[in-house]
Amino acid sequence: MERTLVLCKPDAVQRRIVGRIIDRFEQKGLKIVGLKLVKFSQQLAGEMYLMHKGKDFYGPLVEFVTSGPLVAMVLEGNSAIAVARKILGATFGPDADPGTIRGDFGMSKRYNVVHGSDSPESARREIGLLFDNSELIDYQIAGDEWVYARSPEGMI
Ligand code: IDP
Ligand code: MG
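An account of the accompanying structure is given in this report. (Residues numbered from 1 in each chain as written. Chains lettered and ligands numbered in written order. Predicted model: local features only at pLDDT ≥ 70, side-chain atom pairs only at ≥ 80, totals over all residues. Heavy atoms only, no water.)

1. Observations regarding the side chain of Glu 76
Here comes step 1: Its place among the elements puts Glu 76 in strand β3 (residues 70-77).
Here comes step 2: Residue classification places Glu 76 among the buried positions, given a relative accessible area of 11%.
Here comes step 3: Of the polar contacts made by the side chain of Glu 76, one reaches the side chain of Arg 3; its length is 2.8 Å.
Here comes step 4: The residues touching Glu 76, leaving out its near neighbours within four places in the chain, are Met 1, Glu 2, Arg 3, Leu 30, Lys 31, Val 33 and Asp 138. (Helix = DSSP H or I, 4+ residues; strand = E, 2+ residues; numbered from the N terminus. Buried < 20%, exposed > 50% of the residue type's maximum accessible area, 1.4 Å probe, protein only. Polar contact = N/O pair within 3.5 Å; in protein donor to acceptor, adjacent residues only side chain to side chain. Contact = heavy atoms within 4.5 Å.)

Structure (structure tokens):
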């Protein structure tokens, strides 16, 4: 099983669509193993987006993600990183397909509602920035018996 970091960005919190966003991941079969409301400091925003430092959108991006609280969650499941990215959709609402979160909830090229880790390395790094190990909970979820099939290779 893989873990990924998903953020409901400040626009999602302000627009009161956090519940509907979380619903998309739950309905797909991803399991919430960590969840909290956080306010990004300038420093945390800088660490989250260090790969974008120097790009023209970096300043506005940091301003956006520090402008209000976000909801951060860690989701677990088979191929959780790729599955969550598909659920997010393309980076900006106008380009994102209907049926994706960004496709259904966004029109902006700056306010794009959600974030999702893009690789196992970023997932590990981003989860570590936002969650202590003690805030991530290992548990069995009854419904998983029907979300996955039991096989000799594990739950598939
Ligand atoms: P992603 O969120 O789809 O992974 P990235 O390329 O990693 O997209 O960019 C991180 C964030 O930076 C985006 O979610 C968006 O908020 C912002 N961003 C990326 N490219 C641009 C741009 O060209 N203009 C303004 N903001 C951008
Ligand atoms: Mg990214």
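2. Concerning the packing of helix α2 (residues 18-28) against helix α5 (residues 80-88)
Here comes step 1: The contact between α2 and α5 brings their axes to 11 Å, and the two run at 135°. With respect to each other, α2 and α5 are oriented oblique. In this structure, α2 meets α5 at a crossing whose hand is right-handed. Contacts between α2 and α5 pair Arg 24, Phe 25 and Lys 28 from the former with Val 83, Ala 84, Ile 87 and Leu 88 from the latter.
Here comes step 2: Taken together, the residues of the contact of α2 with α5 sort by class into 5 nonpolar, no polar and 2 charged. (Axes fitted to C-alpha atoms, helices over the stretch in contact; angles between N-to-C directions. Parallel < 35°, antiparallel > 145°, perpendicular 65-115°, else oblique. Left-handed = near helix turned anticlockwise from the far one by under 90°. Nonpolar A, V, L, I, M, F, W, Y, C, P; charged D, E, K, R; others polar.)

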